[in-house]
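In case you want the letters, here they are:
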Amino acid sequence: MQNSGTIGRREPPGAEDIRVQLQRVVTSSEFPSFGRGAAFLTYIVEETLAGRATRLKGFSIALEVFRRDEHFTQEDPVVRIEAGRLRRALERYYFVAGQTDPVRIDIPKGGYVPTFKWSTPPPSEAEEEDVVAMPRHGIPRSSPWQAIQTLMVAGLTVVGMLGVAAMSWFSAESSPVGAGLKAMPDEPSLVIAPFANLGESPEARLYTVGLTEELLTTLPRFKEIKVFGRETSKSLTPDVDVAQVREQLGARYLLAGAVRVSGDRMRVSARLVDTGDGAILWSQNYDNDMRSIDLFKVQSDVASRVATAVAQPYGIIAQADTARPPPDDLGAYECTLTFYAYRTELSPESHALVRNCLEAAVARYPGYATAWAMLSMIYLDEDKYKFNRTPGDTTPTERALQTARRAIQIEPANTRGLQALMAALFFDHEPVEAIEIGERALATNPNDTELMGEFGTRLAIAGQWGRGAALLDQAIALNPGGGGFYRGNRALASYMLGETTDAVIGIRQSDMQKFPLFHAVAAIIYAEAGLTADARREGETFVKMRPDFIPNIQAEMSSRGMSPSDLARLIAGLRKAGLKVSDSSEPIAAALPDGT
């Protein structure tokens, strides 16, 4: 018999109980999988269990978890901000998924040392005598359903732990916090609130639910953003408070809206809100006549347009993130923003910066398919544009193929990975397979303007000028403020299609002064339009930037898949612009496979 003074008392959770609970939390679907919350929580728990709680200061956490260097100061609020987010994530977890968990992990305000306590009350003396030989938080024999629940939780915990172990086994780099999960790249996170039903007809609710569901399907196809799942979306109300989204979910953006049906007319309104300050970054109304279009077509069309405006690489979210000053530690997501910035100017300087950033990103996050895909395109540009070529046994195109296939191996449906593989195959003289991959990518994500621009360019250069121009037009229409290479390549297509006026307009709108080939295309177009002085100026600029191009023009353009007849037109255009192209540079059809 126990002493009466010890009845109801219980030893605090042990290290094993705490570690099991830690894995239960960080592997839960209700705990944010983006950002560094899992790494942060794992680090402070393991340090506390190891007896090093006194080391848990802002400086050590900044170095170990957030990769700051020794120059970190308290003026950088990253640790305080992320600690607040972690506290809110834990509160939400225990409110939703962890209500019956045996151990509770908390982070008291004012510090970073976690506390551990039993969530369930201590058993009475009678209950203790009837406890089955189970773990410390055992189940009374008289409650078979509770026993089943505990076995299920234990089984899920084991599965979660095995999954974590497998991730660590196959990862090329161990977690900076030892036994914890590897932090995922910092990507902007988006929550879709259920659209409000403002309709007057019984069908209005159906339209509203259908549109929300379509958005939940369409937006995740954009791999540069993290979209919260259906369960999270359904747990919100259409008028959810921005502060709730920010504090409870830690999401950076909220997409909300409403559907109003009146008679045969339907209006859909949508808006994107920055949860940091509540600012509306974008809003749009879409009107439809229900007599001329069916419900599913409306849902698909509106979701496609909203997704393209909000989530595509040069969309509202990317613009908002680009406007933010970069952090001291340029994370993996910031590398993707830098990649898109590079694509707008195509300069050797930005190429070197992005390559270094992406190589570091894939070293830290070897499972980040999008970063591998972008690195593939950066490697390919070493051959395409002779930017910062790296010496080695493999050619840039070979490295581009290897990294693109790595991206596809990690994530077969990754749009950027498919785009990278398509481009690399074109330069590896595999146009048939390249076009097949391009078609597959376009079917996977028909809203992605980056893909449209690249695929349209490749098709055009390969001789399908009409279809290439159509895809480029679509990319420009969906993304009028996008990369200048859209317009530059569209201008070249106009020239090849005999549309000289459109070519002049397009090349002037492109304005990619740091990109050598821009000046070559501009020289050809201006010469054709009779703008002799402009043509000579652009031609001279091109020769200064790429003196090696003209002597090797046949090899340069055939590597891009250009046909001899199209190359002959370009050579004639360069000569018309005043450039000296030798007769030896004339394309020879017989020297190419099958005379093409």
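Residues numbered from 1 in each chain as written. Predicted model: local features only at pLDDT ≥ 70, side-chain atom pairs only at ≥ 80, totals over all residues. Heavy atoms only, no water.

Q: Mind showing me how you'd approach the environment of Gly210 here?
A: By the element assignment, Gly210 lies in helix H7 (residues 204–218). It is 9.6 Å that separates the C-alpha atoms of Gly210 and Phe195, two residues lying 15 residues apart in sequence. (Helix = DSSP H or I, 4+ residues; strand = E, 2+ residues; numbered from the N terminus.)

Q: Can you help me understand the environment of Thr42 in this one?
A: Positionally, Thr42 belongs in helix H2 (residues 37–49). Take Thr42: its relative accessible area is 1%, and that puts it in the buried class. As a C-alpha pair, Thr42 and Val26 span 16 residues in sequence and 8.5 Å in three-dimensional space. (Buried < 20%, exposed > 50% of the residue type's maximum accessible area, 1.4 Å probe, protein only.)

Q: Just checking my understanding: could you explain a negative patch on the surface for this structure?
A: Side chains of Glu398, Asp428, Glu430, Glu433 and Glu436 sit close together on the surface and give a patch of like negative charge. Take Glu398: its relative accessible area is 37%, and that puts it in the partly exposed class. (Patch = residues over 30% accessible without salt bridge, like charges linked within 9 Å, V, L, I, M, F, W, Y side chains within 5 Å. Areas by Shrake-Rupley, 256 points an atom, 1.4 Å probe, with all protein chains shown as cover. Salt bridge = Lys/Arg side-chain N within 4 Å of Asp/Glu carboxyl O. Lys, Arg positive; Asp, Glu negative; His and termini not counted. Charge placed at Lys NZ, Arg CZ, Asp CG, Glu CD.)

Q: Looking at this structure, I do not really get the packing of helix H16 (residues 415–427) against helix H17 (residues 431–444). What am I missing?
A: Relative placement of two packed helices is described by the angle separating their axes and the distance separating the axes. Packing of H16 against H17 brings their axes to within 8 Å, and their N-to-C directions diverge by 160°. With respect to their mutual orientation, H16 and H17 come out roughly antiparallel. Remark: the crossing between H16 and H17 carries left-handed chirality. Of the residues in H17, those touching H16 at Thr415, Leu418, Leu421, Met422, Leu425 and Phe426 are Pro431, Glu433, Ala434, Ile435, Ile437, Gly438, Arg440, Ala441 and Thr444. (Axes fitted to C-alpha atoms, helices over the stretch in contact; angles between N-to-C directions. Parallel < 35°, antiparallel > 145°, perpendicular 65-115°, else oblique. Left-handed = near helix turned anticlockwise from the far one by under 90°. Contact = heavy atoms within 4.5 Å.)

Q: I'm lost on the side chain of Asp17 in this one. Help?
A: If you trace the backbone, Asp17 turns up in helix H1 (residues 15–26). At a separation of 3.1 Å, a polar atom in the side chain of Asp17 contacts the main-chain amide nitrogen of Gly14. (Polar contact = N/O pair within 3.5 Å; in protein donor to acceptor, adjacent residues only side chain to side chain.)

Q: When you look at unusual backbone geometry in this model, what are you seeing that I'm missing?
A: In most cases, non-glycine residues show a negative phi, while peptide bonds are predominantly trans. With a phi close to 60°, Lys386 is a non-glycine residue in the positive phi region. Checked against the element boundaries, Lys386 lands in the loop between helix H14 (369–384) and helix H15 (396–410). The phi dihedral of His429 is positive, around 65°, even though this residue is not glycine. Along the chain, His429 falls in the loop between H16 and H17. Given the relative accessible area of 53%, His429 is considered exposed.

Q: Would you explain H16 in this entry?
A: Two residues of an α-helix separated by three or four positions point the same way, owing to the 3.6 residues in each turn. A rise of 1.5 Å per residue sets the reference length of H16, with its 13 residues, at 18 Å; its end C-alpha atoms lie 19 Å apart and thus fit the reference within 8%. Capping the start of H16 is the job of one residue whose side-chain oxygen sits 3.0 Å from the backbone nitrogen of Arg416: Asn414. His429 lies just past H16 and shows a positive phi near 65°. (Expected span 1.5 Å × (residues − 1).)

Q: Would you mind going over the pattern of salt bridges with me for this structure?
A: Two side chains bearing opposite charge may form a pair once their charged atoms approach each other closely. Counted under the stated rule, the structure contains 22 salt bridges. In this structure, Arg546 and Asp548 form a salt bridge, with 2.9 Å as the shortest nitrogen-oxygen distance. For Arg546, a relative accessible area of 5% corresponds to the buried category. Through salt bridges that share partners, Arg343, Glu450, Glu454 and Arg458 make up one connected network.

Q: Sorry if this is basic, but what is going on with the pairing of strand S6 (residues 253–262) here?
A: By the criterion of burial, S6 is predominantly enclosed, with eight of the ten residues buried. Pairing between strand S3 (residues 189–192) and S6: three bridges, direction parallel. Across the sheet, Ile192 pairs through a bridge with Leu255, a residue of S6. Here two bridges tie strand S4 (residues 196–197) to S6, and the two strands are oriented parallel to one another. Bridge pairing links Ala196 to Ala258 in S6. Sheet topology places S6 next to strand S7 (residues 265–274); ten bridges connect them, and they run antiparallel. Note that in S7 the partner of Ala256 across the bridge is Arg271. Hairpin geometry of S6 and S7 is characterised by an intervening segment of two residues between the two adjacent antiparallel strands and by a positive phi of about 65° at Gly263. (Pairing = 2+ DSSP bridges.)

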